[in-house]
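Structural characterization, general
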Amino acid sequence: MTKQEIANMNMIRLSGHFTLGEMLQTRYYASQEVPAGVHLMNLIRLCQEVLEPLREEVGVPIHVNSGFRSSKVNEYVHGVETSAHLKGCAADITFNLDDRFATLSAAYELLKKNPMIDQCIWYKKRSFLHVGIRPYRSPLLPRNQFIVHSS
């Protein structure tokens, strides 16, 4: 895919504030793929049931650093082979604000109230949250795992 093709995906809304294009953003455009089937369904659920409610509660735009990853992109970013990003079940998010730390802290606490959360990792030094859900129709319940990583 080209950068322009991914930009064109910004026309496809997954929820009120989130588009397919922003969930595909990467610096490895040529290696990115468009998710289909259950992976697309996972992205829609992630946006509608986690990111959108968080956006409404925090009241400021959320910046998606990384959403869905093809296996090639995941390899380039040194993601683990079992990464939830490969299934459209995770997004790394931040806020482009001067008070980013306070907003990340508030978002982390708000996410604790969302029963859909499988895993939330706050990478403090790198200033982002990894937010994950269980795959569509998974027989497993969300782990509600919350971790603060200082590096």
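Residues numbered from 1 in each chain as written. Predicted model: local features only at pLDDT ≥ 70, side-chain atom pairs only at ≥ 80, totals over all residues. Heavy atoms only, no water.

In the Ramachandran plot, S127 falls in the positive-phi region, its phi being about 55° despite a non-glycine side chain. With respect to the helices, strands and loops of the structure, S127 is situated in the loop between β3 (117-123) and β4 (128-133). If you check the backbone angles, R137 has positive phi at about 60° while not being a glycine. Within the secondary structure layout, R137 lies in the loop between β4 and β5 (145-149). (Helix = DSSP H or I, 4+ residues; strand = E, 2+ residues; numbered from the N terminus.)

With that settled, consider the packing of aromatic side chains. Here the structure, examined in full by the defined rule, presents four aromatic pairs. Taken together, a centroid distance of 5.2 Å and an interplanar angle of 45° make the contact between F101 and W122 tilted. Separated by 21 residues along the polypeptide, F101 in helix α5 (residues 100-111) and W122 in strand β3 bring together distant segments of the chain. A relative accessible area of 4% means that W122 is categorised as buried. Pairwise contacts between aromatic rings join F101, Y108, W122 and F146 into one cluster. (Phe/Tyr/Trp six-rings, centres within 6.5 Å; stacked < 30°, edge-to-face > 60°. Buried < 20%, exposed > 50% of the residue type's maximum accessible area, 1.4 Å probe, protein only.)

Looking now at helix α3 (residues 37-58). Under the 1.5 Å per step criterion, the end-to-end length of α3 is 30 Å for 22 residues, consistent within 8% with the ideal 32 Å. Its axis deflected by about 35° at C47, α3 carries its strongest bend there. Check the buried side of α3 and you find it contacts α2 (20-24), β2 (90-94), α5, β3 and β4. Backbone geometry just after α3 places G59 at a positive phi near 80°. (Expected span 1.5 Å × (residues − 1). Bend = angle between axes of the 7 residues up to and from the residue. Contact = heavy atoms within 4.5 Å.)

Here the focus is the sheet that holds β4. With respect to topology, five strands assemble into an open sheet ordered β1-β2-β4-β3-β5, the strand pairing being mixed. Where the open sheet ends on each side, the last strands, each with one partner, are β1 (63-66) and β5. Averaged over all neighbouring strand pairs, the angle between strand axes comes to 25°, with direction disregarded. Of the strands in this sheet, β2, β3 and β4 are in contact with α3, which crosses β4 at around 130°. Against the sheet, α5 touches β2, β3, β4 and β5, its axis set at about 160° to β3. (Pairing = 2+ DSSP bridges. Axes fitted to C-alpha atoms, helices over the stretch in contact; angles between N-to-C directions.)

This part takes up the nonpolar core. Of all hydrophobic cores here, the largest spans 31 residues; its most connected members are M23, V50, L51, I93, L111, L129 and V131. Elements supplying a minimum of two residues to this core: α2, α3, β2, α5, β3 and β4. When residues in this core are grouped by element, the largest group, six residues, is from α3. Excluding residues within four positions of it along the chain, L129 makes contact with A91, D92, I93, L104, A107, Y108, L111, C120, I121 and W122. (Core = buried A, V, L, I, M, F, W, Y, C linked by side-chain atoms within 4.5 Å.)

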